[in-house]
Amino acid sequence: MRKISITVVEPEPGRFCWLLLESREDASVWGPLATADEPCTSWGDAFDAGCVALCKLVQDERVGPQAVGENGDANPEG
């Protein structure tokens, strides 16, 4: 499963933008995956919009966002 997080930043007072961050090999390093096109007027609206963006990356909600070639039915222990 891909490691994706949602965060909200306030680059200007009252203007909130969501960001999707992804970690790949090193779990301590996160990089930008996607950002809001337009700011929202509240933190909650920005967070909700980020959740919608994340859900668009998911083909099957039972297994979450998968990398290319990943099998959602595979045992994570190997």
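Fair warning: this is a prediction, and the values are worked out from it, not measured in the lab.

Novice: I keep staring at the pattern of salt bridges and nothing clicks. Help me out?
Specialist: Pairs can form between side chains of opposite charge whenever their charged atoms are close. Taken as a whole, this structure holds 4 salt bridges when the rule is applied. When the shortest N-O distance is used, the salt bridge between R2 and E22 registers 2.7 Å. With a gap of 20 residues between them, R2 in the segment before β1 (3-12) and E22 in strand β2 (residues 15-23) connect regions that are remote in the sequence. By relative accessible area, E22 is classed as buried at 8%. The salt bridge partner of R15 is E12, with a shortest N-O separation of 3.7 Å. On the basis of relative accessibility, which here comes to 39%, the residue R15 falls in the partly exposed class. What makes E12 partly exposed here is its relative accessible area of 44%. Through salt bridges with shared partners, one network takes in R2, E22 and R24.

Novice: Before we go on, may I ask you to explain the packing of aromatic side chains in this structure?
Specialist: The description of an aromatic ring pair uses the distance of the two centres, along with the angle that the planes make with each other. Under the counting rule described, the total for this entry stands at 1 aromatic pair. Between W43 and F47, the ring centres sit 5.2 Å apart and the planes meet at 10°, which makes this aromatic pair stacked. Of this pair, W43 and F47 are both found in helix α1 (residues 43-55), 4 residues apart, which corresponds to roughly one turn of the helix. On the basis of relative accessibility, which here comes to 29%, the residue F47 falls in the partly exposed class.

Novice: Even after reading the chapter, I still don't get the confidence of the model for the protein, so can you show me in this structure?
Specialist: For any part of a model where pLDDT is low, the fine detail of the predicted coordinates should not be relied upon. Residues with a pLDDT of 70 or more make up 87% of the protein, whose mean pLDDT is 88. Predicted confidence for residues 74-78 stays below pLDDT 50, and this span has 0 contacts to residues more than four positions away or in other chains.

Novice: Would you take a moment to explain the pairing of strand β3 (residues 30-35) for this structure?
Specialist: Looking along a regular strand, one sees side chains alternate from face to face of the sheet. As defined by bridge partners, β2 adjoins β3 across 5 bridges and the pair is classed as antiparallel. Of the residues in β3, the one forming a bridge with L21 is P32. Here β2 hands over to β3 after 6 residues, the two strands then running antiparallel side by side.

The rules behind these values
- Residues numbered from 1 in each chain as written.
- Predicted model: local features only at pLDDT ≥ 70, side-chain atom pairs only at ≥ 80, totals over all residues.
- Heavy atoms only, no water.
- Salt bridge = Lys/Arg side-chain N within 4 Å of Asp/Glu carboxyl O.
- Helix = DSSP H or I, 4+ residues; strand = E, 2+ residues; numbered from the N terminus.
- Buried < 20%, exposed > 50% of the residue type's maximum accessible area, 1.4 Å probe, protein only.
- Phe/Tyr/Trp six-rings, centres within 6.5 Å; stacked < 30°, edge-to-face > 60°.
- pLDDT = per-residue confidence, 0-100.
- Contact = heavy atoms within 4.5 Å.
- Pairing = 2+ DSSP bridges.

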